[in-house]
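What follows is each chain in one-letter form.
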Amino acid sequence: MTVNAKTRVTPRRALLLGAVAALAAGMVVGVTGAAQAGTTLGASAAEKGRFFGTAVAAGRLGDSAYTTILNREFNQVTPENEMKTDATEPQQNQFSYGNADRIVAHARANGMQVRGHTLAWHAQQPSWMQGMSGSTLRNAMLNHVTQVATHFRGQVAWWDVVNEAFADGGGGGRRDSNLQRTGNDWIEAAFRAARAADPNAQLCYNDYNTDNWTDAKTQGVYRMVQDFKQRGVPIDCVGFQSHFTGGSNYPSNYRTTLSSFAALGVDVHITELDIRNAPVDAYRNVTNDCLAVARCKGITVWGIRDSDSWRSSESPLLFNGSGQKKSAYDAVLAALNNGTTPPTGTPTTPPPTTTPPPSGSCTASATPGQVWGDRYNTSVTVSGASTWAVVVSITSPQKISSTWSGSPTWDGSGLVMTMRSNGSGDTFGFTTMMNGNSSARPQIVSCTAG
Ligand code: 9MR
């Protein structure tokens, strides 16, 4: 993937270009050497090493009021509907790329990167696919991934390979769907097929209601990404749709969610941002949360003007129906201009793994301790209960060789330890022998009070 000219403009180059343009216009400029604040979302985000994008509808590309804002403000686009399965393969093995190609051509002509959305999803399936099951569906899905990713090879920077595969609610498990019923490995199969078809595209998992770090759904996706990274399943990024309704579901721990996923070794993206009534504070905070996480590489809003939105009655976007900037726009631009440039090459420290507390339960946080050539320590701190049982699992062939400050019992495999409080406080610890696997780390499975 080549970096396009628009995102490659460095602050110094932007300053020089601005100075040259001003001189050409006969103005006298004082070059101070300080980077200028960006005056558009895309330019300002680019100065911070990020993108700022929007969902785009092919049907609106003929609307000059729309394209004026699009071309001025954004350096990334996501086709809102045009790359979904029903659009790209309306009849089995008959592919239809007209509208998607139009968006890609517009993006490339204007120096914008493209996020492909989406290759495998339970929704927006063409009718021929909806009725399929088993290996017939699995093969059809993999063929779709291969064909579409091949068609757009070199033109799509990121693919939402799989969209919305986890269930809402408390279980943290997968959503039931015809794809899920082909076998739990359908997601990794889709990622492998996408990598084979376009080795240079960044491959993302994308979902909604995964913003609150303590939600079971967030933890379920986290465990899947962690597992994929440990087993070498090709995944590069996680998208947080972030369709917020204002106060309640924009969680105060959103930044923790972004940084926790980033610490797994994936980029994180805010992929479909819109917020009911576009509150200034929430838009500012979301922007700052992204800027605070070095691997949060960009923000995409889900439409340009309120009138373009899938929920236009809630006026959730940055431009009103007349194309004027709203207060939330000013807040986002100011946050981008105040933001810091992410350090490059800075190692990320994994945050403690935390289990969400079921009601009446407790929370256990694991902190990495000393590491030797053949073994390492982990300490676990429990909050929310004075007596507790914490279940910890390790990865074979690793083996826990000693523990302290708790009473352990083991399952038959020796890989799952239940540690009970023994009156010595709220912290326990243990040593794990690596036995040749130096990368796996213990997982907190649950914390039960009492
Ligand atoms: O904004 C999209 C709308 O025009 C479509 O009718 C709808 C159904 O395909 O999808 C909307 O976009 C969704 C996105 O693809 C996935 N996350 C939720 C978005 C809003 O529903």
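Look a little higher up for the structure.
Attention here is on the structure that accompanies the text. From a predicted model like this one, the values you see are computed outputs, not experimental measurements. (Residues numbered from 1 in each chain as written. Predicted model: local features only at pLDDT ≥ 70, side-chain atom pairs only at ≥ 80, totals over all residues. Heavy atoms only, no water.)

### Overview of the overall build of the protein chain
The helix and strand inventory of the protein chain stands at 13 helices and 18 strands. Taken across its 450 residues, the protein chain has 52% of its residues classed as buried. Relative to all contacts within the protein chain whose residues are 6 or more apart in sequence, the contacts with residues 24 or more apart total 73%. As displayed, the protein chain offers around 18600 Å² of accessible surface, 50% of which is attributable to carbon and sulfur atoms. (Helix = DSSP H or I, 4+ residues; strand = E, 2+ residues; numbered from the N terminus. Buried < 20%, exposed > 50% of the residue type's maximum accessible area, 1.4 Å probe, protein only. Contact = heavy atoms within 4.5 Å. Areas by Shrake-Rupley, 256 points an atom, 1.4 Å probe, with all protein chains shown as cover.)

### A look at helix H11 (residues 254-262)
Looking at H11, one finds that the buried residues are Tyr 254, Thr 257, Leu 258, Ser 260, Phe 261 and Ala 262. In this structure, the buried residues of H11 make contact with helix H10 (216-231), strand E6 (237-240), strand E7 (243-244), strand E8 (267-275) and helix H12 (280-291).

### As for the sheet that holds strand E13 (residues 388-393)
Spatial strand order, E15-E16-E13-E18: four strands in an open sheet with antiparallel pairing. The open sheet has two edge strands with one neighbour each: strand E15 (407-410) and strand E18 (443-449). Adjacent strand axes in the sheet meet at a mean angle of 20°, parallel and antiparallel pairs treated alike. In terms of strand pairing, E13 meets E18 through six bridges, oriented antiparallel. By the bridge assignment, Ser 393 is partnered in E18 with Gln 443. (Pairing = 2+ DSSP bridges. Axes fitted to C-alpha atoms, helices over the stretch in contact; angles between N-to-C directions.)

### Some remarks on helix H9 (residues 186-197)
With twelve residues, H9 ought to run about 16 Å at 1.5 Å a step, and its terminal C-alpha atoms sit 17 Å apart, in line with that. Of all twelve residues in H9, nine are buried, a share of seventy percent or more. If you check which residues of H9 are buried, you get Trp 186, Ile 187, Glu 188, Ala 189, Ala 190, Phe 191, Ala 193, Ala 194 and Ala 197. At its buried positions, H9 is contacted by strand E3 (113-121), helix H8 (134-151), strand E4 (158-163), strand E5 (202-207) and H10. (Expected span 1.5 Å × (residues − 1).)

### Examining the pairing of strand E16 (residues 416-420)
Bridging between E13 and E16 involves five bridges; their strand directions are antiparallel. Paired with Val 390 across the two strands is Met 419, which belongs to E16. Pairing geometry for E15 and E16, over four bridges, is antiparallel. Within the sheet, the bridge partner assigned to Pro 408 lies in E16 and is Met 419. Counting the residues in the hairpin turn of E15 and E16 gives five residues, including Gly 414, whose phi is positive at 75°.

### Digging into the state of the cysteines
For the coordinates displayed, the defined rule picks out two disulfides. Each disulfide pairs two cysteine sulfurs, and for Cys 290 the partner residue is Cys 296, the sulfurs being separated by 2.1 Å. Classification of the bridge connecting Cys 290 and Cys 296 rests on its S-S torsion, roughly -100°, and on that basis the disulfide is left-handed. For Cys 290, a relative accessible area of 2% gives the class buried. (Disulfide = S-S within 2.5 Å.)

### What about the site of the ligand?
Lining the immediate surroundings of the ligand are 13 residues, of which Glu 80, Lys 84, His 117, Gln 124 and Glu 272 lie closest. A distance of 3.2 Å is found between an oxygen atom of the ligand and a side-chain nitrogen or oxygen belonging to Gln 124. Contact distances for the ligand include 2.9 Å between a nitrogen atom and a side-chain N or O atom of Glu 164. Its free accessible area being 450 Å², the ligand has 75% of it covered by the protein chains. Taken together, the residues of the shell around the ligand sort by class into three nonpolar, six polar and four charged. (Near = heavy atom within 4 Å. Polar contact = N/O pair within 3.5 Å; in protein donor to acceptor, adjacent residues only side chain to side chain. Nonpolar A, V, L, I, M, F, W, Y, C, P; charged D, E, K, R; others polar.)

In short, the description is geometric, and any link to function would need to be established separately.
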